Each structure stands twice: as C-alpha cells, then as structure tokens.
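Each chain, letter by letter, is given below.
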Amino acid sequence: MCLSRRARRWPLVAVLWAVAVPLGAQAADWRAEVEVPFGGSDARWFTAPTLRGHYGLSQRWRLRTEWGFVGSIQQSQGGNGWSQFESGNLLLAFNARGPKGGFSWSAGAGLAAPLAELGSEPDRRGRIAFGDASTLQGLWDLWLWAPDRLGVVAPATVGLKSSWYRVELEGAAGLLVPVRQTIGSGLDGLGQLRLAASLLARETAEVGAQLQGVVLATRPGDQGQVSVAGFARLQVGKVTVGTRVLIPIDAPLTSRWSLHLSVSVRGSDGD
C-alpha cells in the first residue's frame, strides 16, 4: 500500500509531539505563539502561519519548537486559478539560557524535521508556495521552508533590557541537508543575523524596529537578503498581541513587503 506524503509525515509528528508535550506540561515557564504573515504578488496571495512553543525544562534549559505551514492562492480570470496548502518543516531545539534581568543570553542547537515535500513530478505549485513562505520572512529561518531538506541549526541570542528599552541581537547558522533530490543533492549553508531595538512602556507596550540579514554561504553570486521591519506589541495579562511590517530593501525580494500578526500566551513564570 502506498501512503500519501501527508500520511507519511504524521508518525514523525506524533513522536515529536509525545516528547514535547509532557516536558512542557510539567513546566511553569512556557510560552505558545502563533504568527500569521500575509503578502501578495500580482494575482497571487499567500500566507505562512507559524506555531511556536517554548518550554522551560529547568532554570538553565529550554525546549523550543516551531512548525510552519504554507498557503498560496493564484487567482485567474480564465478559470486556471489554483490553491496550495502544505506543511513546512518542524524545528525541535534545546537552548541554554542565562538569568533573566538586564543582560540575557541563550545558545543552543536543533533539527528541522523534513516534513515539507515536493512531488516526484515537477511540482511547480509546491515550489511557488514554499518560495512564497520564505519571501514573507525575508528568507529568515529558511530551514522551516526548505522542502526535502533536513535542517541543522545553531541559534544564539544576546539581549539588554531596562525599564524603558530593549536591545537584542539574534543570529543562527544552519545547514540544509538533502533527504530527497527534488531540488538538487548539494548541502546548503546559511547564516542570519537580526538586530532589534524597542521602547517599552510599563512592560505592557513595546514599539521598535529591526534590521536583519541572511546569507546563503554555499550559493555562488549575490545570495544575500537584507530587510527592515517595524513592530509593536501590547501585553494584556498573560496574552501578548503584536504586529510587524517587514520590508526587503535589496534584491532578490525588493518591494515585497509583508504584514505579520501574532498572538502569544505565557505561563505564570514565563518571560
């Protein structure tokens, strides 16, 4: 019996979920978030909802999960429109972190399970959909949107915070390892770096800006992408709502801005 690609990925998802949920359920320090970005190009509209979870395993260690999804709709007056919805890759990572307070840091390692797949035949719609998802993020966290690739990731963050401002530098290095040869058989190496600065008001409101860059180190030619973003967040109790506008400022994604909406819920001891 031949299983569909969606059916084949669910056993892996179930195993990862069984590992993550008991650890998080016992920890008072946790946070869950959903982010939904939107973008469009000509007659095509696309989104890439992302689920994120952070679970405190101890004062030092934290489990982090991210799972993206891809949706594209191509409109056509001639009746040739189409829609595509696919799973992205699922990241599972462990981070060590410094104490909460004015200065903080975290560093870790993780794997992005290759749940994103292209069909065995030329899958033009799938390629477009996953390309749309990476466009919405300015190529950030590309291991979530790279089909038929296992992601090996090493993230790190340092931050400085006071009662009225926050500055954070976030970076990561990664390898994309082919598990199926639908888009080639070579390794891809990449690095990303993002600087964010914001003003705080009574710990409940935040307004700031970001500058980020992504480099595909193993690709010849100009394979970098720089983007800027403005963002705002509002915290009400344990719930935080946010919005962000991301604008690529150089090729290949020039002028393809996107709107991001997010909602997160934290545990009683979460940050």
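Note that the structure is a prediction, hence the values are computed from the model and not measured.

Draft legend 1. Looking closely at helix H2 (residues 124-136). Here H2 spans 19 Å end to end across 13 residues, near enough to the 18 Å set by a 1.5 Å rise per residue. Regarding H2, the residues found buried are Gly126, Ile128, Ala129, Phe130, Asp132, Ala133, Ser134, Thr135 and Leu136. Where the residues of H2 are buried, they touch strand E1 (30-41), strand E2 (44-47), strand E4 (61-74), strand E5 (82-97), strand E12 (239-248) and strand E13 (258-266). Directly beyond the C-terminal end of H2, a positive phi value near 65° is found at Gly138.

Draft legend 2. Summary view of a nonpolar patch on the surface. A cluster of nonpolar residues, Trp30, Val34, Leu51, Leu234, Val236, Val239, Val241, Val263 and Val265, forms a patch on the protein surface that exposes about 650 Å² of accessible area. Sorting the residues of the nonpolar patch by element identifies E1, strand E11 (224-236), E12 and E13 as the ones contributing at least two each. Mapped onto the elements of the fold, Leu234 is located in strand E11. Take Leu234: its relative accessible area is 41%, and that puts it in the partly exposed class.

Draft legend 3. Quick peek at the confidence of the model for the protein. Here the protein averages 85 in pLDDT, and 85% of its residues register 70 or above. Below pLDDT 50 for its whole length, residues 15-27 participates in 10 contacts with residues either more than four positions away or in separate chains.

Draft legend 4. Broad picture of the packing of aromatic side chains. If you walk through the whole model with that rule in mind, you get three aromatic pairs. Joined through ring pairs, the aromatic side chains of Trp67, Phe69 and Phe85 make up one cluster. Here the guanidinium or amino end of Arg194 rests over the ring plane of Trp140, the centre of that ring lying 4.1 Å away.

Draft legend 5. Main features of the nonpolar core. Val70, Leu91, Leu142, Trp143, Trp145, Leu176 and Leu190 are the most contacted members of the largest nonpolar core, which totals 25 residues. For this core, the secondary-structure elements that each account for two or more residues are H2, strand E8 (165-178) and strand E10 (205-216). In terms of residue count, the dominant contributor to this core is H2 (four residues). With residues near it in sequence (within four places) discarded, Trp143 still touches Asn89, Leu91, Ala112, Gly151, Val153, Ala172, Gly174, Leu176, Leu190 and Gln192. One finds Trp67, Leu90, Ala113 and Leu115 within the second-largest nonpolar core, a separate group that totals five residues.

Draft legend 6. Summary view of the pattern of salt bridges. Per the counting criterion, the structure on display carries 13 salt bridges. The partner of Arg31 in a salt bridge is Glu33, and the shortest N-O contact between them spans 3.4 Å. As a salt-bridge pair, Arg52 and Glu35 come within 2.8 Å of each other at their nearest N and O atoms. Separated by 17 residues along the polypeptide, Arg52 in strand E3 (residues 50-56) and Glu35 in strand E1 bring together distant segments of the chain. What makes Arg52 buried here is its relative accessible area of 17%. Counted as one network, the salt bridges with shared partners bring together Arg31, Glu33, Glu35, Arg52, Arg64, Glu66 and Arg244.

Here is what the cut-offs are and how they apply
The written sequence of each chain sets the order in which its residues are numbered from 1. Where local features are concerned, this predicted model is filtered to residues with pLDDT of at least 70; where side-chain atom pairs are given and counted, the filter is 80 or more; whole-chain, interface and lining totals use all residues. As a convention, hydrogens and water are excluded, and side-chain values are obtained from all of the structure's heavy atoms. By definition, any uninterrupted DSSP run of H or I lasting at least four residues is a helix, any uninterrupted run of E lasting at least two residues is a strand, and each is numbered from the N terminus. In this analysis, the expected span of each helix is defined as 1.5 Å times one less than the number of residues it contains. Working definition: with a 1.4 Å probe on protein chains only, accessible area under 20% of the residue-type maximum means buried, over 50% means exposed, and in between means partly exposed. Contacts are residue-level and defined by heavy atoms, with any inter-residue pair within 4.5 Å sufficient. Every patch collects residues that have over 30% relative accessible area and no salt bridge, joining them within 9 Å if they carry like charges and within 5 Å if they are nonpolar side chains (Val, Leu, Ile, Met, Phe, Trp, Tyr). For accessible areas, the Shrake-Rupley method is used with a probe of radius 1.4 Å. Any residue's cover is judged against the shown protein chains and nothing else. Here a salt bridge means any side-chain nitrogen of Lys or Arg lying within 4 Å of a carboxyl oxygen belonging to Asp or Glu. Confidence scores per residue from the predictor, reported as pLDDT, run from 0 to 100. Only the six-membered ring of Trp is used, alongside the rings of Phe and Tyr, when aromatic pairs are assigned; centres must lie within 6.5 Å, and planes under 30 degrees apart are stacked while those over 60 apart are edge-to-face, with the rest tilted. Counted as over-ring charges are cases with an Arg CZ or a Lys NZ within 6 Å of the ring centre that also lie within 35 degrees of the ring normal. Buried residues of nine kinds, namely Ala, Val, Leu, Ile, Met, Phe, Trp, Tyr and Cys, make up a nonpolar core once their side-chain atoms join them within 4.5 Å.

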